[in-house]
Each structure stands twice: as structure tokens, then as C-alpha cells.
Amino acid sequence: RGLGDVYKRQLVKDYRLYITTKDQKSKLLVDIKDNQLPFVSHRFEAIEIKALELEVLSTHGLDRAQIYQVRVYS
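In short, a report on the structure. All figures in this text were calculated on a predicted structure; none of them were measured in a lab.

**Focus on the sheet that holds strand 1 (residues 12-21)**
Across the sheet, 3 strands lie side by side as 2-1-3; this open sheet has antiparallel pairing. Where the open sheet ends on each side, the last strands, each with one partner, are strand 2 (26-32) and strand 3 (49-59). The sheet shows a mean angle of 20° between the axes of neighbouring strands, taken without regard to direction. Pairing between strand 1 and strand 2: 6 bridges, direction antiparallel. The residue bridging arginine 16 from the neighbouring strand is aspartate 31, located in strand 2.

This is the structure in C-alpha cells:
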């Protein structure tokens, strides 16, 4: 295995981002399949939320998800 294969195994492959709105409704914002990038940005229109949820569905081989940062800006 090359060094690239080792790094790829650590990437989150499939994931979803959800928000919970002020009225407690959950909404799917992003559903990503087969992610190949180590750093990903998503831009949305400004919205007031109560919660943000990241659901990791799979990786490219690692048996656990490794999330290093989640940043939210307004």
C-alpha cells in the first residue's frame, strides 16, 4: 500500500449533515456519498438553528470515524 492509500482509509466516505430548527424540526442539509477529500466545506444560506448533527455512515476502510474539526460561521 502506498501512503495515499493509508490516508484515504482515514477519510469519511459517506456522511449527512442535519440541523434542528427553532421549532424542533430536523432537516437534512447534505447527503454526501463517496467523499474523496480530506477537507470539505459546505455553504448554506443563513438560518437560525438549535443544533447541528453530523452523521458518519462509512469510511474508506477504517473501523472508526475520525473527525478533527467542525466549524460553523455566520
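Next comes the rest of the description.
**Here's the deal with the layout of surface pockets**
Approximately 1,300 Å³ is the volume found for the largest pocket. Lining the largest pocket are 32 residues, with Val40, Ser41, Gln69, Val70 and Arg71 sitting closest to its centre. For the lining of the largest pocket, the elements supplying multiple residues, two or more each, are helix 1 (3-10), strand 1 and strand 3. No other element matches the 4 residues that strand 1 contributes to the lining of the largest pocket.

**Focus: the pairing of strand 1**
The buried fraction of strand 1 is high, at 7 of 10 residues. Alignment of strand 1 against strand 3, held across 9 bridges, turns out to be antiparallel. The residue bridging arginine 16 from the neighbouring strand is glutamate 55, located in strand 3.

**Here's the deal with unusual backbone geometry**
Phi at glutamine 24 takes a positive value of approximately 70°, unusual for a residue other than glycine. Here glutamine 24 lies in the loop between strand 1 and strand 2. A relative accessible area of 57% places glutamine 24 in the exposed class. Of note in this structure, aspartate 34 is not a glycine but carries a positive phi near 60°. Take aspartate 34: its relative accessible area is 42%, and that puts it in the partly exposed class.

So, how was this worked out
Residues numbered from 1 in each chain as written. Predicted model: local features only at pLDDT ≥ 70, side-chain atom pairs only at ≥ 80, totals over all residues. Heavy atoms only, no water. Pairing = 2+ DSSP bridges. Helix = DSSP H or I, 4+ residues; strand = E, 2+ residues; numbered from the N terminus. Axes fitted to C-alpha atoms, helices over the stretch in contact; angles between N-to-C directions. 1 Å grid on protein atoms, 1.4 Å probe; cavity = no way out; pocket = protein on both sides within 12 Å on 5 of 7 lines; lining within 4 Å. Points joined across faces, edges and corners; volume = space filled by probe spheres on them. Buried < 20%, exposed > 50% of the residue type's maximum accessible area, 1.4 Å probe, protein only.

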